[in-house]
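# Descriptive structure summary
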2 protein chains.
Amino acid sequence: MHNPIKKVAIVGGTHGNELTGIYLINKFQKTPELVERESFETHLLHANKKAIDQCRRYIDSDLNRKFDVDALKDDDLYDYEELAAKQLNRILGPKGSDEAQMDFIVDLHTTTSNMGLSIVIGTDSALAWQAAAYLKEKNPQVHIFRWEGDTDHSPFVDSIAKHGFAIEVGAVPQGVLRADLFFGTEKLIQHLLDFFEKFNRGEHKVPYGELEIYDSVRLVDFPRDQDGEIAAMVHPYLQDNDYSPVEKGDPLFVAMDGREIAYQGEEKLYALFINEAAYYEKGFAMCLAKKRTLELALFDPGL
Amino acid sequence: MHNPIKKVAIVGGTHGNELTGIYLINKFQKTPELVERESFETHLLHANKKAIDQCRRYIDSDLNRKFDVDALKDDDLYDYEELAAKQLNRILGPKGSDEAQMDFIVDLHTTTSNMGLSIVIGTDSALAWQAAAYLKEKNPQVHIFRWEGDTDHSPFVDSIAKHGFAIEVGAVPQGVLRADLFFGTEKLIQHLLDFFEKFNRGEHKVPYGELEIYDSVRLVDFPRDQDGEIAAMVHPYLQDNDYSPVEKGDPLFVAMDGREIAYQGEEKLYALFINEAAYYEKGFAMCLAKKRTLELALFDPGL
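Computed from a predicted model, the values in this text were never measured in an experiment.

Parameters and conventions
Residues numbered from 1 in each chain as written. Chains lettered and ligands numbered in written order. Predicted model: local features only at pLDDT ≥ 70, side-chain atom pairs only at ≥ 80, totals over all residues. Helix = DSSP H or I, 4+ residues; strand = E, 2+ residues; numbered from the N terminus. Rg over C-alpha atoms; globule rule 2.2 N^0.38 Å. Buried ≥ 20, exposed ≤ 12 C-beta atoms within 10 Å, placed from the backbone. Contact = placed C-beta atoms within 7 Å. Axes fitted to C-alpha atoms, helices over the stretch in contact; angles between N-to-C directions. Parallel < 35°, antiparallel > 145°, perpendicular 65-115°, else oblique. Left-handed = near helix turned anticlockwise from the far one by under 90°. Nonpolar A, V, L, I, M, F, W, Y, C, P; charged D, E, K, R; others polar. Least-squares fit on C-alpha atoms with pLDDT ≥ 70 in both. Domains from an automatic or database assignment. Core = buried A, V, L, I, M, F, W, Y, C linked by C-beta atoms within 7 Å. Pairing = 2+ DSSP bridges. Right-handed = clockwise from strand over helix to strand, strands pointing away.

Another point: the overall build of chain A. When you go through chain A residue by residue, the secondary structure sums to 6 helices and 13 strands. The C-alpha atoms of chain A give a radius of gyration of 19 Å, which matches the 19 Å a tight globule of 303 residues would have. Along the first, second and third principal axes, the C-alpha atoms of chain A reach 60 × 45 × 35 Å. When the 303 residues of chain A are sorted by exposure, 50% land in the buried category. In chain A, the proportion of contacts linking residues at least 24 apart, taken out of those at least 6 apart, comes to 73%.

Okay, the packing of helix H1 (residues 19-30) of chain A against helix H6 (residues 179-200) of chain A next. Residues and elements named next belong to chain A. Look at H1 against H6: their axes get within 10 Å of each other, and the N-to-C directions meet at 60°. On the basis of their axis angle, the class for H1 and H6 is oblique. As for the relative orientation of H1 and H6, their crossing is right-handed in sense. Contacts between H1 and H6 involve Thr20, Tyr23 and Leu24 on the former and, on the latter, Leu181, Phe182, Thr185 and Glu186. Broken down by class, the residue content of the contact of H1 with H6 amounts to 4 nonpolar, 2 polar and 1 charged.

What follows concerns the interface of chain A and chain B. With 22 residues of chain A at the interface, the matching set in chain B holds 22 residues. At the level of secondary structure, the elements contributing two or more residues to the side of chain A that touches chain B comprise H1, H6 and strand E8 (232-234) of chain A. Broken down by element, the residue count for the side of chain A that touches chain B peaks at 3 residues, all from H6(A). Grouping the constituent residues of the side of chain A that touches chain B by class yields 13 nonpolar, 6 polar and 3 charged.

It is worth spelling out the relation of the copies chain A and chain B at this point. Mapping chain A onto chain B is achieved by rotating through 180° and translating by 0.0 Å along the same axis, at an RMSD of 0.0 Å. Overall, the copies show the geometry of a two-fold rotation axis. In terms of proximity to the rotation axis, the leading residue of chain A is Pro173(A), whose C-alpha is 2.2 Å off the axis. Both copies contact each other with a shared surface, as 100% of the interface residues of chain A are interface residues in chain B too.

Residues and elements named next belong to chain A. In terms of domain boundaries, chain A breaks down into domain 1 (7-212) and domain 2 (213-289). Here domain 1 and domain 2 have C-alpha centroids that lie 27 Å from each other. Contributing elements (two or more residues each) for the side of domain 1 that touches domain 2: strand E5 (143-146) and strand E7 (210-220). Grouping the constituent residues of the side of domain 1 that touches domain 2 by class yields 6 nonpolar, 6 polar and 4 charged.

Here the focus is the nonpolar core. By size, the foremost hydrophobic cluster in this structure holds 189 residues, and its most contacted members are Leu272(A) and Leu272(B). The element contributing the most residues to this core is helix H6 (residues 179-200) of chain B, with 10 residues. Dropping the residues within four chain positions of it, Leu272(A) is found in contact with Ser113(A), Met115(A), Phe145(A), Tyr214(A), Asp242(A), Tyr243(A), Met286(A), Cys287(A) and Ala289(A).

Let us now look at the sheet that holds strand E11 (residues 260-262) of chain B. Residue and element names in this part refer to chain B. Spatial ordering of the open sheet is given by E8-E10-E11, a layout of 3 strands whose pairing is antiparallel. Pairing within the sheet leaves two strands with one partner each, and these edge strands are strand E8 (232-234) and E11. Averaged over all neighbouring strand pairs, the angle between strand axes comes to 35°, with direction disregarded. The pairing of strand E10 (residues 251-255) with E11 spans 3 bridges and is antiparallel. The residue bridging Val254 from the neighbouring strand is Glu260, located in E11.

Residues and elements named next belong to chain B. Bridging between strand E1 (residues 7-12) and strand E2 (residues 41-46) involves 6 bridges; their strand directions are parallel. In the sheet register, Lys7 faces E2, and the bridge partner there is Glu41. Taken together, E1, helix H1 (residues 19-30) and E2 constitute a β-α-β crossover, and its handedness is right-handed.

The following block contains the structure:
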């Protein structure tokens, strides 16, 4: 037997210029029956309201990098998002506690990269992985990307709960609503809530054994000049082609003068988060990942 | 005989998160021989440096709405961009004067709409129209969009000079560089400078007589609810399909619940600037235009 899921949070607007999640929360707040299920409560939340009001990613710094357990306890961290993170932890957490108020958090994001419908997952929660596998079964177009790191030190909103992940959809510019991605994300949320309902009723009896995923290997920065300025752009060969393979000699970048810069690694990897606007300041142009089949753990006995 | 073009300004970064123009100016500043010609001077300028530093469209308000001749003289207008506009007018203008320092201004923009390579022109300068026609001859993919209004009260940077227009390219998200649009814009600039060189040498002997253009008819806002909130999204039928025809009954929007909202006009028009991020706050979702063949004036005798 498993402990049931009792409280699920759907979070939008962690980044204030990613409109899909913001408007989905608006929709669900007006028509809550869409996200109500019999066996658990669904909570709806806009995470960074001030940034939403200004249609900016953040006010002072990136909220979705603030949820390391140590940072949440650090009173010397007091910029706007550092305070907002502590408030979210109070509302949804506390993180790392068996008393955390939410059992599962799904955090809704968009990206300017052509990531389609992706799940970004950084937890080792067996339940979260089973949920991701369920979504991929329902929609085989879904991609699953495992981010590096452990749960305690995960910087992400969804790490406040024991179980969770982010849904990341694109390509869509910051500050833009796209109908296809809005409805695509909504459909995934419906499947996710259905999964919890089945899980609570014991109807999800045969856990998934394996799953095709992309495992983050490393981040690749733009080529830069001696002043640190970007000196080359993502090559048209890769632009809009997230999740495509990259092998030795394939072009990664094109310099402003047209010169091509190729991938020199020996290992075949896959490129994703290609040319995401918000990552220019973080210093990466794409992420390289390994495609592999993950053996899924069975449910934790103490779930 | 025509007066020659003596000074041309290429302006980037009027909006600080439109990277194509910003990085093209960087490139030309490092390799000025690319934009030098024998018969005129080329000036390079970043228009809104503070917004560029912050990768935001603007600091206080939209710089590219500040160049009405009356606004430029109004000392009661003093937000950041209102001051920046006056400085630009001092450097490039004064607007409306025969002594304006620049003869031609080309202002480089990007859009999240799929506008391809477009020229946005609001002047009645015969020279500017001939230049636009030349670019379309060199690249038939170029679209020419005439914005409403007269030159004196034009709010645009390019209206500081007697002749000018904007190059508007997309789709590209704010804060993103796309190689294809970077090189496409650069090529148009090369053609434009070549045109001035031919014009000055008297080699552009046969002016163009007519030109296919899109003439702005009206702006269409998003459907909104009683609180003024956006209640429907651009329909997938139109999304990414700028310059496509819209006829009675064609879907324009889809509400959050999936209901479709169709075009009710009797007149066949063409949609452009569809779902541009920066226009959400201005209250329009697209522009509708008439496609027509414009009879071009011959050069003004006093040019």
